[in-house]
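A closer look at the structure
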Amino acid sequence: MPAFCRFCRDSFPLVLIMAAIYQAAYRRAALFCRSHSTYVKKMRYLNKLKEDDSLCRQAQTSGTFYLFHNLSPFLRKVEEKYLIPQLSAAEMKRILEKFKETEQWIEKSVLIGCSDEHVPHFALDLGALERSVIEAELKGSFTDLRKALFVVDEDSSSLLASAQALLRWHDSHQYCSKTGQPTQKNVAGSKRVCHASGITYYPQMSPVVIILVSDGSRCLLARQPSFPQGMYTALSGFCDIGEAVEETARREVAEEVGLEVESLWYSASQHWPFPSSCLMIACHALVRGQQLEISMNSLELEEARWFGLEEVMEGLKREPKSAKQDNGNFLPWFPPKQAIAHQLINEWVKQQTS
Ligand SMILES: NC(=O)c1ccc[n+]([C@@H]2O[C@H](COP(=O)([O-])OP(=O)(O)OC[C@H]3O[C@@H](n4cnc5c(N)ncnc54)[C@H](O)[C@@H]3O)[C@@H](O)[C@H]2O)c1
Ligand SMILES: [Mg+2]
């Protein structure tokens with residue numbers, strides 16, 4: 001039975017081994033002690049690349065590249081699956097030479113992660129080059145992110161979302177908001193600096209609280225006029241400056257449907273790239289022992305109403321395509337599983353049925 005860390009050869013104390021066995025986490029714990037796990041090593045390596053320009057420049061020569069064109073990711077359809085090709089530095093060079101562009105282009109790329117073996121991954125937007133030529137050369141197509149996220153697998157969709165968010169941030173932060181002078185990105189793209197003012201800008205996300213309100217037996221779902229027909233989701237809203245998550249949740253529920261939150265509990269969070277990089281903080285909220293009549297803010301919402309368990313369970317199973325009825329009305333359906341709203345609704349159903 002191995003009881004040594006693979007990297008430092010330190011042995012594990014017996015109590016830790018026993019605990020690991022009982023937690024069924026033995027396999028992983030036996031291979032790496034906490035400070036030498038693959039994960040820790042990977043995070044430390046990525047952090048070094050962000051801090052050290054020359055190391056990162058060197059990493060670009062052995063890294064792989066995900067391509068975008070005006071913020072649309074490059075996908076290749078193989079049989080029924082959509083894959084995201086990763087190009088080697090040599091392949092990138094070949095493509096850029098085709099356009100008589102120099103390798104300086106590689107410097108525009110941003111670091112988005114690395115493999116367990118420390119092969120760094122970069123994202124690069126080739127928006128200034130002819131799209132159809134690249135597509136024909138690489139046998140695939142640049143696809144709108146709203147479509148791409150829902151056709152690739154789960155890990156790839158979060159990678160695409162964060163890569164696009166970082167590229168978008170660089171594209172819109174090319175000038176210092178104090179001096180108006182150009183800002184310069186570090187090689188990894190983890191920050192931009194204005195050399196005139198000395199200000200460093202870091203990529204940002206806007207915090208949004210998403211709240212699934214329940215009265216104990218029903219949950220409240222709403223529609224904005226811009227939503228596809230029949231789609232309902234949980235209430236949400238951007239955090240105002242200085243607000244805590246709890247304060248945003250209470251304010252948004254009061255503003256949008258005129259109810260007062262009695263208790264609130266956190267569920268999970270998710271980066272959401274639309275319209276531009278939100279950090280979705282998902283919570284369940286209970287409104288009870290008060291007036292449960294909805295007073296909807298029609299400036300923001302088109303409809304808000306209570307849903308019973310059965311209607312929610314049916315809505316979760318419904319595909320958008322099958323929502324339209326013969327009379328032209330739409331039956332309710334909910335956001336797909338990639339959206340954290342889906343997770344909140346699923347959790348609520350589990351709470352009701354357990
Ligand atoms: N992933 C999911 O499951 C999920 C579900 C619902 C909503 N969302 C996202 O949550 C976000 C916010 O939802 P909402 O529309 O209910 O918010 P909201 O209720 O705060 O209303 C949006 C309005 O808030 C204002 N606003 C304040 N701060 C803003 C900021 N930093 N950026 C943009 N606008 C700001 C604007 O006037 C905007 O029109 C949307 O981007 C939406 O895509 C994601
Ligand atoms: Mg809202």
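The protein chain is annotated in an unreviewed UniProt entry as NAD(+) diphosphatase of Gallus gallus. Per UniProt, the protein chain carries the Cofactor (unreviewed entry) text "Mg(2+)".

Notes on the coordination of the magnesium ion (ligand 2)
Four donors placed tetrahedrally about a metal ideally form angles of 109.5 degrees, and six donors placed octahedrally ideally form angles of 90 or 180 degrees. Protein coordination at the magnesium ion (ligand 2): the donors are Ser-236 (O) and Glu-256 (OE), at 2.2 Å from the metal. With Ser-236 in strand β13 (residues 235–238) and Glu-256 in helix α9 (residues 245–257), the pair connects residues that are 20 residues apart, well separated along the chain.

Comments concerning the pairing of strand β11 (residues 206–214)
Most of β11 sits out of view: 7 of its 9 residues are buried. Direction of pairing for β11 relative to strand β15 (residues 278–286): parallel, over a ladder of 9 bridges. Across the sheet, the residue bridging to Pro-207 is Leu-279, located in β15. In terms of strand pairing, β11 meets β13 through 4 bridges, oriented antiparallel. Looking at the pairing, Val-209 lines up with Gly-237 of β13. Pairing of β11 with strand β12 (residues 219–223), which is carried by 2 bridges, proceeds in the antiparallel orientation.

Details of the domain arrangement of the protein chain
Each domain of the protein chain was delimited in the assignment, giving domain 1 (58–163) and domain 2 (206–353). The gap between the C-alpha centroids of domain 1 and domain 2 is 34 Å. Tallying the contact residues gives 7 residues for domain 1 and 6 residues for domain 2. In total, domain 1 and domain 2 occlude about 630 Å² of area from one another, counting both sides; carbon and sulfur atoms represent 75% of this. Linking domain 1 with domain 2 are 0 salt bridges. Between the two partners, domain 1 and domain 2, sit 0 residue pairs in polar contact (both at pLDDT 80 or more). Contributions of two or more residues to the side of domain 1 that touches domain 2 are made by α7 (145–151) and α8 (154–171). Here the side of domain 1 that touches domain 2 takes 4 residues from α7, the largest share from any one element.

Some thoughts on the pattern of salt bridges
Applying the stated criterion to the full structure yields 14 salt bridges. A salt bridge links Arg-251 to Asp-240; the nearest nitrogen and oxygen atoms lie 3.5 Å apart. Of this pair, Arg-251 sits in helix α9 while Asp-240 sits in the loop between β13 and α9, and the two are 11 residues apart along the sequence. What makes Arg-251 buried here is its relative accessible area of 18%. Between Glu-255 and Arg-251 there is a salt bridge whose closest N-O contact spans 3.0 Å. One end of the pair is Glu-255 and the other is Arg-251, both in helix α9 and 4 residues apart, which spans about a single turn. Among the ionic contacts, a cluster of salt bridges with common partners joins Asp-240, Glu-243, Arg-251, Glu-252 and Glu-255.

Some thoughts on the pairing of strand β1 (residues 64–69)
Strand residues, when the strand is regular, have side chains that alternate between the two faces of the sheet. In terms of burial, β1 is largely enclosed, as 6 of its 6 residues are buried. Of the two faces of β1, the one holding Thr-64, Tyr-66 and Phe-68 and the one holding Phe-65, Leu-67 and His-69 are both buried throughout. Relative to strand β4 (residues 87–88), β1 is paired through 2 bridges, and the arrangement is antiparallel. Across the sheet, Thr-64 pairs through a bridge with Ser-88, a residue of β4. The pairing of β1 with strand β2 (residues 72–78) spans 2 bridges and is classified as antiparallel. Bridging from a neighbouring strand, Phe-68 pairs with Pro-73 of β2.

Calculation rules
Residues numbered from 1 in each chain as written. Chains lettered and ligands numbered in written order. Predicted model: local features only at pLDDT ≥ 70, side-chain atom pairs only at ≥ 80, totals over all residues. Heavy atoms only, no water. UniProt positions renumbered as here; feature names shortened; annotations may be inferred. Donors = N, O, S within 2.8 Å, 3.2 Å for Na, K, Ca; no water. Helix = DSSP H or I, 4+ residues; strand = E, 2+ residues; numbered from the N terminus. Buried < 20%, exposed > 50% of the residue type's maximum accessible area, 1.4 Å probe, protein only. Pairing = 2+ DSSP bridges. Domains from an automatic or database assignment. Contact = heavy atoms within 4.5 Å. Buried area = accessible area lost by both parts, 1.4 Å probe. Salt bridge = Lys/Arg side-chain N within 4 Å of Asp/Glu carboxyl O. Polar contact = N/O pair within 3.5 Å; in protein donor to acceptor, adjacent residues only side chain to side chain.

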